[in-house]
Amino acid sequence: MIKHGLISNQKAFNDVLAFDIEQKDIDIEKLNDLVSASVAIKERFVKEDPKETGIRKALNFGHTIGHAFESLSFSRNNPILHGHAVAAGMISELYLSHKSCDMPSQVLRQVINFTKEHYPPFTFHCDDYDTIYELMTHDKKNEGGQINFTLLGDIGDIRINQKVSKELVLESFDFYRENFY
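Residues numbered from 1 in each chain as written. Predicted model: local features only at pLDDT ≥ 70, side-chain atom pairs only at ≥ 80, totals over all residues. Heavy atoms only, no water.

> Lay out helix α8 (residues 166-180) in plain terms, naming residues and giving numbers.
Along its 15 residues, α8 runs 21 Å from first to last C-alpha, staying within 8% of the 21 Å computed at 1.5 Å per residue. Taken together, the buried positions of α8 are occupied by Leu168, Val169, Leu170, Ser172, Phe173, Phe175, Tyr176, Arg177, Asn179 and Phe180. Residues of α8 that are buried make contact with α4 (63-75), α5 (82-101), α6 (105-118), α7 (129-136) and β1 (149-154). (Helix = DSSP H or I, 4+ residues; strand = E, 2+ residues; numbered from the N terminus. Expected span 1.5 Å × (residues − 1). Buried < 20%, exposed > 50% of the residue type's maximum accessible area, 1.4 Å probe, protein only. Contact = heavy atoms within 4.5 Å.)

Written as structure tokens, this is what we have:
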């Protein structure tokens, strides 16, 4: 839901951040509203671009690095959930967004805090960087032998088909580790 808020608008993003999943008596009605809003966001992108040739690629935000994290976890026989992998991938991809598309650092900090609160850190080491990067080169969204990202200039400011240097991608791994370990 946090990804859908990020690719949609400030209200959707704020609504997800404001919901306290840890509360003793969860407001099921509010949770249902959030889930419905999240599904509607996804549905809007799918309807607008059913063949995923344009804006529907927004739904891939966090997945390019997230899928590589997920694959690494499986190769270690210590699998993480898909949502956990995408949450970790979103942090690295938000860092790329900050560095290459001017994503505000405040948004990056909000997502880091949200992720820390709801997910354990995904652990990997500097020795894993080349393996993670190699896993990213196999992503179905890549074109012309280059890794293809969906990045954000701000909440709702979607930048599809973005390319960044390998050095910046590796720097995003450092950023994740610095914030989660």
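> So, the pattern of salt bridges: which residues are in play, and what are the values?
Counting across every chain of the model gives six salt bridges. A salt bridge links Lys141 to Asp139, with the shortest nitrogen-to-oxygen separation between them at 2.6 Å. The partner of Asp157 in a salt bridge is Arg159, with the nearest N and O atoms 2.8 Å apart. The class for Asp157 is partly exposed, based on a relative accessible area of 29%. (Salt bridge = Lys/Arg side-chain N within 4 Å of Asp/Glu carboxyl O.)

> Could you give an account of helix α2 (residues 10-18), with specific residues and numbers?
Of all the positions in α2, only Ala12, Phe13 and Val16 are classed as buried. All buried residues of α2 project into a common sector of 100° when viewed along the axis, lining one side. Across α2 from its buried face, at more than 90 degrees, point the exposed residues Lys11 and Ala18. Looking at the packing, one finds that the buried side of α2 touches α1 (2-8), α3 (28-48) and α6. Two or three places before Lys11, at the start of α2, stands the capping residue Asn9, its side-chain oxygen 3.1 Å from that residue's backbone nitrogen. (Arc of directions from axis to C-beta. Polar contact = N/O pair within 3.5 Å; in protein donor to acceptor, adjacent residues only side chain to side chain.)

Structural measurements only, silent on function.
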